[in-house]
Amino acid sequence: MQLIDKKKLIPIIATVSLAFIAIFIYIILKFSNTTTTISGKEFNNILKNNQIESIYLQDNYIVANTKNGNFKVFKDAVNRSEIFKKYPIKVYTKSSKALTYIAILILLSILSILIYMLRRDKSIGINLQPQFLSKEIEENSIKPEYNNKYKFKDIAGISDVKEQLLEIIDFLKNPHKYKKRDIRMPKGVLLIGPPGVGKTLIAKAISAEANVPFFYNSGASFVQIYAGMGAKKVRELFEKAKEMAPSIIFIDEIDAVGKSRDALDSNERESTLNQLLVEMDGFGSNSGVIVIGATNRIDVLDSALLRAGRFDRRVFIDLPNIKEREQIINHYLNNKKYNIDIAEVARLTAGFSPAAIETLINEAALNALRKNRDLLEIDDIYSVKDQVVYGKKRVVSLSNQERQIQANYQASKAVIATWLGFKFDKATLLMPIHINDDRVLISKNRLINLAKVYLSGVIYLQKKYNDTFSVSKDDKKLFENIIETIIKDYTISNDETKQNINKDIEIEITTTLSKLSAAIEYISNELNKKEIITYNEIKKSIDEVL
Ligand code: ADP
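Source: prediction; values computed, not measured.

Asker: How would you summarise the overall build of the protein chain if you had to cite specific residues and measurements?
Answerer: If you tally the helices and strands in the protein chain, you get 23 helices and 14 strands. When burial is assessed residue by residue, the protein chain has 44% of its 546 residues classed as buried. Sequence separation of at least 24 residues holds for 74% of the intrachain contacts in the protein chain that already meet a minimum separation of 6. By element, 53% of the accessible surface of the protein chain is carried by carbon and sulfur atoms, the whole surface being about 29,800 Å².

So this is what it looks like as structure tokens:
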């Protein structure tokens with residue numbers, strides 16, 4: 001407010017100063033006119049001819065302003081009383097001069113105040129302007145959206161994800177139902193998955209289904225603004241969301257704020273993250289506000305964010321499998337005329353996100369239009385596929401052999417994990433399995449078993465193809481980390497070197513892999529065909545081959 005008033009003052013001050021400048025210039029001009037000194041006789045002539053417009057007494061002189069200029073005469077050289085009878089005397093005394101000086105002084109002071117204010121605005125602009133700006137940013141960003149465009153029925157595939165979120169929708173619709181029974185709802189839901197799988201779309205659809213306001217924020221927007229502003233923005237956002245509860249706060253790319261503090265390179269991010277934690281702890285679980293975070297990097301998130309009572313519900317959204325891709329393709333072909341086998345396109349698009357599929361269909365339709373064809377055909381898909389694959393949105397596109405390798409890799413890992421007693425929901429062709437393991441006490445044997453899971457795919461491919469592939473890159477790193485932890489935190493005897501542990505693990509995996517090879521081959525084929533297989537199916541196939 002203060003700033004706005006100051007800004008309003010500036011034009012007023014400027015106008016007043018201009019008026020002073022005008023007066024000043026007038027006075028200067030008036031008195032800077034050259035005044036010619038004349039004799040008493042000459043003065044009397046001017047007087048006689050009635051040429052005088054005004055007359056002043058200035059010190060020892062009488063000054064006459066005439067049409068032809070200013071003349072002054074020594075005051076004792078003329079008959080003053082005669083002159084003063086004819087013209088009312090104006091005495092231009094020192095005090096008049098003083099007035100001019102005062103006017104100049106006032107003007108100069110006003111000018112310097114003006115300059116000071118302008119410079120102050122500029123120099124402390126770093127403080128003032130951003131406050132001004134950020135106010136706007138805040139005001140814009142804390143306006144919620146009311147989504148009704150996308151409902152769950154518009155999101156193709158991902159039926160299991162939708163199911164997991166139905167309860168959240170019910171809670172937002174009927175918070176009292178849960179309150180009455182004293183049932184706690186998660187305060188935060190984390191949607192985890194690669195870009196373009198529909199995390200934002202799903203969050204918006206939840207708000208549409210529950211008909212509640214939706215506050216969209218990107219994690220980056222919290223930390224890109226000025227010092228201290230991220231935390232302030234978080235505070236105001238939660239305030240507004242609570243005011244309008246039930247409501248949804250969506251934070252896209254939450255990893256921009258919530259990176260683990262080890263990896264922090266800025267105080268700003270840390271203070272923003274702290275504020276987020278404070279806010280999430282501060283509101284009761286039945287406040288009616290649900291925070292939905294989206295990320296593709298759960299591994300870099302600060303563990304504080306993942307602790308109970310914060311983002312305690314996690315929903316993994318993988319790239320769509322072949323059946324889901326069929327639904328997505330169908331969805332985007334729905335309003336178009338086409339003559340293509342959807343199953344074929346689904347097969348061609350392994351590794352495509354729904355967003356990439358949408359782009360593919362759109363590009364193909366453009367291609368048909370360019371060729372003046374009414375019907376979209378498979379050739380259109382082929383013509384634009386590489387452009388989508390290698391264009392801006394780089395997506396995985398697998399050849400048949402690559403598909404086979406990928407299937408073997410994921411199948412061997414899934415079988416070994418199951419065999420060693422690790423639980424997970426499903427194995428897929430393209431994404432690593434998510435092992436559900438939240439034990440607090442971890443034994444050395446369990447760590448060694450986990451290391452075996454990460455190495456099993458590499459060893460299986462080595463045996464089968466006599467080669468290693470880039471698919472194992474991340475797992476190899478995880479394996480190395482586990483071995484280092486074992487050596488550092490779990491080893492008592494000096495005989496246990498890295499080489500010894502690695503060797504033992506390798507021998508044991510090789511034996512287990514050959515014992516379970518029939519199950520691995522079966523699961524590998526299933527993954528190649530359907531791109532997805534559940535934990536229970538894997539367990540069943542292991543039981544069958546033994
Ligand atoms: P993310 O937040 O995971 O990066 P978005 O929700 O922004 O992904 O998805 C980008 C676009 O991709 C959406 O606007 C939508 O057009 C399309 N899309 C994503 N997922 C789906 C889906 N399951 N069904 C249909 N279209 C989808």
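After presenting the structure, the write-up continues.
Asker: Describe the sheet that holds strand β10 (residues 313–316), listing the residues and the values that go with them.
Answerer: Across the sheet, 5 strands lie side by side as β7-β8-β9-β6-β10; this open sheet has parallel pairing. The open sheet has two edge strands with one neighbour each: β7 (214–218) and β10. Going from strand to strand, the sheet's axes swing by 20° on average, the running direction of each strand aside. Note that strand β6 (residues 188–192) and β10 share 4 bridges and pair parallel. For Leu190, the partnering residue across the bridge sits in β10 and is Arg314. Taken strand by strand, helix α6 (residues 159–173) contacts β6, β8 (247–252), β9 (289–295) and β10, and its axis lies near 145° from that of β10. Across the sheet, helix α8 (residues 199–210) lies against β6, β7, β8 and β9, angled at about 175° from β8, the strand it touches most.

Asker: Describe the packing of aromatic side chains, listing the residues and the values that go with them.
Answerer: For the coordinates displayed, the defined rule picks out 6 aromatic pairs. On the basis of an interplanar angle of 85° and a centroid distance of 5.7 Å, the ring pair of Tyr465 and Phe469 is categorised as edge-to-face. A residue is classified by how much of its surface remains accessible, and Phe469, at 24% relative accessible area, is partly exposed. Among the aromatic residues, ring-to-ring pairing joins Phe214, Tyr216 and Phe250 into one connected group. If you follow Lys72 out to its NZ or CZ, it ends over the ring of Tyr61, 4.5 Å from the centre.

Asker: Provide a residue-level description of the side chain of Thr418, including the pertinent values.
Answerer: With respect to the element layout, Thr418 can be found in helix α18 (residues 400–419). One polar contact links the side chain of Thr418 to the main-chain carbonyl oxygen of Ala414, over a distance of 2.6 Å.

Asker: With reference to specific residues and values, describe a nonpolar patch on the surface.
Answerer: A contiguous nonpolar patch, built from Trp419, Val545 and Leu546 and spanning about 270 Å² of accessible area, is present on the exposed surface. Turning to its location among the elements, Leu546 is positioned in the segment after α23 (535–545). Classification of Leu546 by relative accessible area gives exposed; the value is 54%.

Asker: Describe in detail α8, supporting the description with residues and values.
Answerer: With 12 residues, α8 should reach 16 Å at 1.5 Å per residue; the first-to-last C-alpha distance of 17 Å fits that figure. For α8, every residue scored as buried is listed here: Lys199, Ile202, Ala203, Ala205, Ile206, Ser207, Ala208 and Ala210.

Asker: An account of the side chain of Ser412 is needed here, citing residue identities and associated values.
Answerer: Of note, Ser412 is situated in helix α18. For Ser412, a relative accessible area of 0% corresponds to the buried category.

Asker: Could you give me a rundown of unusual backbone geometry, with the residues and numbers involved?
Answerer: The residue after Ala245, namely Pro246, is reached through a cis peptide bond having omega 0°. Relative to the helices and strands, Pro246 is located in the loop between α10 (229–243) and β8. Even without a glycine there, the phi angle at Asn372 is positive, about 60°. Relative to the helices and strands, Asn372 resides in the loop between α16 (354–370) and β12 (376–377).

Asker: I'd like a description of the packing of helix α20 (residues 473–490) against helix α21 (residues 498–515), backed by residues and values.
Answerer: Geometry of a packed helix pair, given as the angle between the helix axes and the separation of the axes. Closest axis-to-axis distance for the α20/α21 pair is 10 Å, and the angle between their directions is 125°. By the angle between their axes, α20 is oblique relative to α21. With respect to the hand of their crossing, α20 and α21 are arranged in right-handed fashion. Of the residues in α21, those touching α20 at Phe479, Glu480, Ile483, Glu484, Ile486 and Ile487 are Lys498, Ile501, Asn502 and Ile505. Grouping the constituent residues of the contact of α20 with α21 by class yields 6 nonpolar, 1 polar and 3 charged.

Thresholds, definitions, all that
- Sequence order as written defines the numbering, with residues in each chain counted from 1.
- The model is predicted, so local features are restricted to residues of pLDDT at least 70 and side-chain atom pairs to those at 80 or more, both for listing and for counting; the totals for chains, interfaces and linings are taken over all residues.
- Only hydrogens and water are set aside when side-chain values are computed; all heavy atoms of the structure are taken into account.
- Helix numbers and strand numbers start at the N terminus; a helix is a DSSP run of H or I with at least 4 residues, a strand a run of E with at least 2.
- Working definition: with a 1.4 Å probe on protein chains only, accessible area under 20% of the residue-type maximum means buried, over 50% means exposed, and in between means partly exposed.
- In this description, contact between two residues means that some pair of their heavy atoms is separated by no more than 4.5 Å.
- Note on areas: Shrake-Rupley with a 1.4 Å probe; residue coverage comes only from the protein chains shown.
- Between any two strands, pairing holds if DSSP finds at least two bridges.
- Axis definition: a line fitted to C-alpha atoms, limited for helices to the stretch in contact. Angles are taken between N-to-C directions and run from 0 to 180 degrees.
- Stacked, tilted and edge-to-face are the three classes assigned to paired rings of Phe, Tyr and Trp, where Trp is represented by its six-membered ring and a pair needs centres within 6.5 Å; plane angles under 30 degrees give stacked, over 60 edge-to-face, the rest tilted.
- Two conditions define a charge located above a ring, namely a distance within 6 Å from the ring centre to NZ of Lys or CZ of Arg, and an angle within 35 degrees of the ring normal.
- Here a polar contact is recorded for every N or O atom pair within 3.5 Å, except that within protein the pair must consist of a potential hydrogen donor and a potential acceptor, and residues adjacent in sequence are included only if both atoms are side-chain atoms.
- Two joining distances apply to patches: 9 Å for like charges and 5 Å for nonpolar side chains (Val, Leu, Ile, Met, Phe, Trp, Tyr), and every residue must have over 30% relative accessible area and no salt bridge.
- The working definition used for a salt bridge is a side-chain nitrogen of Lys or Arg within 4 Å of a carboxyl oxygen of Asp or Glu.
- For a helix, the expected span equals 1.5 Å multiplied by the number of residues minus one.
- Working definition: roughly parallel below 35 degrees, roughly antiparallel above 145 degrees, roughly perpendicular at 65 to 115 degrees, and oblique for all remaining angles.
- Crossing chirality is assigned from the near helix's rotation relative to the far helix, an anticlockwise turn below a right angle marking it left-handed and a clockwise turn marking it right-handed.
- When residues are sorted by character, Ala, Val, Leu, Ile, Met, Phe, Trp, Tyr, Cys and Pro go into the nonpolar class, Asp, Glu, Lys and Arg into the charged class, and all the rest, Gly among them, into the polar class.

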